[in-house]
Amino acid sequence: MTDTYPLPESWRGVLGDELDSPYFRELAEFVEKERADGPVYPPREQVFAALEATPYDKVKVLVLGQDPYHGEGQGHGLCFSVRPGVKTPPSLRNIYKEMKEELGLPVPDNGYLMPWAEQGVLLLNAVLTVRAGEANSHKGKGWEKVTDAVIRAVAARPDPAVFVLWGNYAQKKLPLIDEERHVVVGGGGAGPRAAEEVLL
């Protein structure tokens, strides 16, 4: 099913086996059936947009969201991000607020996070598609196996990275990460200031 959902070149070596597996074929068939029945977000060509924007060897930070925004024109394949001109969602406004309070950073006037992705912030949702208007509608269908493999692949690299696990759902991924080698923000781990120090 790699023809339907082609992996970016830099990720093929670490994720290619996942997309060739029987579970992924079933997942892709499920998503395509959903698309035939009604809108599914993000569009097919943006499902792996986060991996496209942040190559495997460039990842400095992995931010984990739950699933894509389910409103029309919102989700475009990067967790928490919306396209220019789309109102900044509450979840991202909360992130901006914390960044201002903790780091003194100005609050952006938009919710488009592609500049983060291009600087090495992998904006990954645990589930990569969603039925329009129905949050978590594709949860438990197989995407979690793919994105767990992404987390494990980043955690297995020799270079330390920052894993941002906001919320109870994201914090369940802690067992996939060696906290002695990497910085974890959220889940009782270090805060934004510690992450900033690692990146600098």
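Right, let's walk through the structure included here. All values derive from a computational prediction rather than experimental measurement. (Residues numbered from 1 in each chain as written. Predicted model: local features only at pLDDT ≥ 70, side-chain atom pairs only at ≥ 80, totals over all residues. Heavy atoms only, no water.)

## A look at the overall build of the chain
Each helix and strand counted, the chain has 8 helices and 6 strands in total. In sequence order, the chain lays out its α and β elements as α-α-β-α-β-α-α-β-β-α-β-α-β-α. In summary, the chain has a C-alpha radius of gyration of 16 Å against a globular reference of 16 Å for 200 residues, a match within 12%. Summarising its shape, the C-alpha atoms of the chain cover approximately 45 × 40 × 30 Å along the three principal directions. (Helix = DSSP H or I, 4+ residues; strand = E, 2+ residues; numbered from the N terminus. Rg over C-alpha atoms; globule rule 2.2 N^0.38 Å.)

## Some thoughts on the packing of aromatic side chains
Considering all chains together, one arrives at 5 aromatic pairs under this definition. Relative to tryptophan 143, the ring of tyrosine 5 lies with its centre 6.1 Å away and its plane at 85 degrees, an arrangement referred to as edge-to-face. Of this pair, tyrosine 5 sits in the segment before α1 (9-19) while tryptophan 143 sits in helix α6 (residues 143-156), placing them 138 residues apart in sequence. Across the pair, tryptophan 143 and tyrosine 5 agree in class, each one buried. When the centroid spacing of 5.8 Å and the interplanar angle of 75 degrees are considered together, the rings of phenylalanine 24 and tryptophan 143 count as edge-to-face. In this pair, phenylalanine 24 sits in helix α2 (residues 22-37) while tryptophan 143 sits in helix α6, placing the two residues 119 residues apart along the sequence. Taken individually, phenylalanine 24 and tryptophan 143 each receive the classification buried, so the pair is uniform in this respect. An aromatic cluster of three or more residues is present, and its members are Tyr5, Phe24, Phe48 and Trp143. The lysine or arginine in question, lysine 145, covers the ring of tyrosine 23, its NZ or CZ lying 4.8 Å from the ring centre. The ring of tyrosine 56 is capped by arginine 157, whose NZ or CZ atom sits 5.7 Å from the centre of that ring. (Phe/Tyr/Trp six-rings, centres within 6.5 Å; stacked < 30°, edge-to-face > 60°. Buried < 20%, exposed > 50% of the residue type's maximum accessible area, 1.4 Å probe, protein only. Lys NZ or Arg CZ within 6 Å of the ring centre and 35° of its normal.)

## A look at the pattern of salt bridges
Applying the stated criterion across every chain yields a total of 8 salt bridges. Among the salt bridges present, the one from glutamate 34 reaches arginine 131, with a minimum N-O distance of 2.6 Å. Highlighted residues: glutamate 34 in helix α2 and arginine 131 in strand β4 (residues 130-131), separated in sequence by 97 residues. With relative accessibility at 12%, the residue glutamate 34 sits in the buried group. In this structure, glutamate 134 engages arginine 131 in a salt bridge whose closest nitrogen and oxygen atoms are separated by 2.7 Å. (Salt bridge = Lys/Arg side-chain N within 4 Å of Asp/Glu carboxyl O.)

## Observations concerning the packing of α2 against α6
Two numbers describe how α2 lies on α6: the axes approach to 9 Å, and their chain directions differ by 125 degrees. Compared by their axis directions, α2 and α6 come out oblique. For the pair α2 and α6, contact is made by Tyr23, Phe24, Leu27 and Val31 and by Trp143, Lys145 and Val146, respectively. Here the residues of the contact of α2 with α6 sort into 6 nonpolar, no polar and 1 charged. (Axes fitted to C-alpha atoms, helices over the stretch in contact; angles between N-to-C directions. Parallel < 35°, antiparallel > 145°, perpendicular 65-115°, else oblique. Contact = heavy atoms within 4.5 Å. Nonpolar A, V, L, I, M, F, W, Y, C, P; charged D, E, K, R; others polar.)

## Focus on α1
Looking at α1, one finds that the buried residues are Trp11, Leu15, Gly16 and Leu19. Projected onto a plane normal to the axis of α1, the buried residues spread over an arc of 150 degrees and lie on a single side. Exposed positions of α1 whose direction lies more than 90 degrees from the buried face are Gly13 and Asp17. Buried positions along α1 lie against α2, α3 (49-53), β3 (121-125) and α6. (Arc of directions from axis to C-beta.)

## Describing unusual backbone geometry
Between tyrosine 41 and proline 42 the backbone carries a cis peptide bond, its omega angle lying at -10 degrees. In this structure, proline 42 sits in the loop between β1 (40-41) and α3. Phi angles above zero are rare outside glycine, and phenylalanine 80 is one such case at about 70 degrees. One can find phenylalanine 80 in the loop between β2 (61-65) and α4 (90-103).

## Structural notes on α2
The first and last C-alpha atoms of α2 sit 23 Å apart over 16 residues, in line with the 22 Å expected at 1.5 Å per residue. The complete set of buried residues in α2 reads Tyr23, Phe24, Leu27, Ala28, Val31, Glu34 and Arg35. Burial along α2 is one-sided: seen end-on, the buried residues are contained in an arc of 135 degrees. For α2, the exposed residues set more than 90 degrees away from the buried face come down to Pro22, Glu26, Glu29, Lys33, Ala36 and Asp37. Each element contacted by the buried residues of α2 is listed here: α1, β1, β4 and α6. (Expected span 1.5 Å × (residues − 1).)

Note that all results are geometric; they support no functional claim without further evidence.
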